Amino acid sequence: MSRRCELTGIGPMVGHSVSHSNIKTKRRFLPSLKTVKVTSDALGQTFSLRISNAALRTLDYKGGLDAFIVKARDEQLSTAAQRIKRQVRAKLAEQAAA
């Protein structure tokens, strides 16, 4: 399982651990990922996604999964999130037509 956020695409970064004597050794900065069940208001379903804590805060700020995922770029989303986005867009278009 990759260490990548399904909504924002945030992944591991590479840097240095610097000792007191200024010796640099390579290290990885891993994102803080949580497996969270997120509810879609338009679909009335819950989805289990592995997202970063920053993405979880952004979901709360933007007003839920539907508002966030409709405006998100497809390059950032995982395949599961892209599938959810297509379903939400179809449902919102159906509601707008009715």
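All values derive from a computational prediction rather than experimental measurement.

Engineer: It is not clear to me how the packing of aromatic side chains should be interpreted in this structure. Could you clarify?
Structural biologist: In this description, a pair of aromatic rings is defined by centroid distance and the angle of the planes. Considering all chains together, one arrives at zero aromatic pairs under this definition. One Lys or Arg, R27, reaches over the ring of F29 and ends 3.9 Å from the middle of that ring.

Engineer: Please explain the environment of A80 as it appears in this structure.
Structural biologist: Mapped onto the elements, A80 comes out in helix 3 (residues 79–97). Among the residues examined, A80 registers a relative accessible area of 25% and is labelled partly exposed. Taking the C-alpha atoms as reference, A80 lies 38 Å from V18; in sequence the two are 62 residues apart.

Engineer: How should I be thinking about the pairing of strand 2 (residues 24–29) in this particular structure?
Structural biologist: Looking along a regular strand, one sees the side chains alternate between the two faces of the sheet. Across six bridges, strand 1 (residues 13–18) lies against strand 2 in antiparallel orientation. From the neighbouring strand, V18 faces strand 2, where its bridge partner is K24. Counting the residues that bridge the hairpin from strand 1 to strand 2 gives five residues, and of these N22 lies at a positive phi of roughly 70°.

Engineer: I keep staring at the pattern of salt bridges and nothing clicks. Help me out?
Structural biologist: Any two side chains of opposite charge can pair, given that their charged atoms come close. Scanning all chains against the criterion turns up one salt bridge. K85 is the salt-bridge partner of D74, the closest N and O atoms lying 3.1 Å from each other. Remark: K85 occurs in helix 3 and D74 occurs in the loop between helix 2 (65–71) and helix 3; sequence separation between them is eleven residues.

Engineer: Got a minute to help me understand the side chain of K85 in this structure?
Structural biologist: The buried category is assigned to K85, whose relative accessible area is 6%. K85 has contacts with I69, V70, A72, R73, D74 and L77, leaving out every residue within four places of it along the chain.

Engineer: Just checking my understanding: could you explain the environment of D74 for this structure?
Structural biologist: The partly exposed category is assigned to D74, whose relative accessible area is 40%. Once the C-alpha coordinates of D74 and R57 are considered, the two residues, 17 residues apart in sequence, prove to be 20 Å apart. Apart from the residues lying within four places of it in its own chain, the contact partners of D74 are Q82 and K85.

Engineer: How should the nonpolar core be read in this particular structure?
Structural biologist: As a rule of thumb, soluble globular proteins bury nonpolar side chains together. Counting residues in hydrophobic clusters, the biggest one holds 18 residues, and the most contacted among them are L7, I51, L59, L65, I69 and I84. Mapped onto this core, the elements with two or more residues apiece are strand 3 (33–40), strand 4 (45–52), helix 1 (53–62), helix 2 and helix 3.

Engineer: Before we go on, may I ask you to explain helix 3 in this structure?
Structural biologist: For an α-helix the count is 3.6 residues per turn, leaving residues at separations of three or four pointing the same way. For helix 3, which comprises 19 residues, the first-to-last C-alpha distance of 27 Å matches the rise-based estimate of 27 Å (1.5 Å per residue) to within 8%. Residues of helix 3 that are buried in the fold lie against strand 3, strand 4 and helix 2.

Engineer: When you look at unusual backbone geometry in this model, what are you seeing that I'm missing?
Structural biologist: Excluding glycine, a negative phi dihedral is what most residues carry, and trans is how most peptide bonds are arranged. Unusually for a residue other than glycine, N22 sits at a positive phi of about 70°. Mapped onto the fold, N22 is located in the loop between strand 1 and strand 2. Owing to a relative accessible area of 49%, N22 belongs among the partly exposed residues under this scheme.

What counts, and where the lines are drawn
Residues numbered from 1 in each chain as written. Predicted model: local features only at pLDDT ≥ 70, side-chain atom pairs only at ≥ 80, totals over all residues. Heavy atoms only, no water. Phe/Tyr/Trp six-rings, centres within 6.5 Å; stacked < 30°, edge-to-face > 60°. Lys NZ or Arg CZ within 6 Å of the ring centre and 35° of its normal. Helix = DSSP H or I, 4+ residues; strand = E, 2+ residues; numbered from the N terminus. Buried < 20%, exposed > 50% of the residue type's maximum accessible area, 1.4 Å probe, protein only. Pairing = 2+ DSSP bridges. Salt bridge = Lys/Arg side-chain N within 4 Å of Asp/Glu carboxyl O. Contact = heavy atoms within 4.5 Å. Core = buried A, V, L, I, M, F, W, Y, C linked by side-chain atoms within 4.5 Å. Expected span 1.5 Å × (residues − 1).

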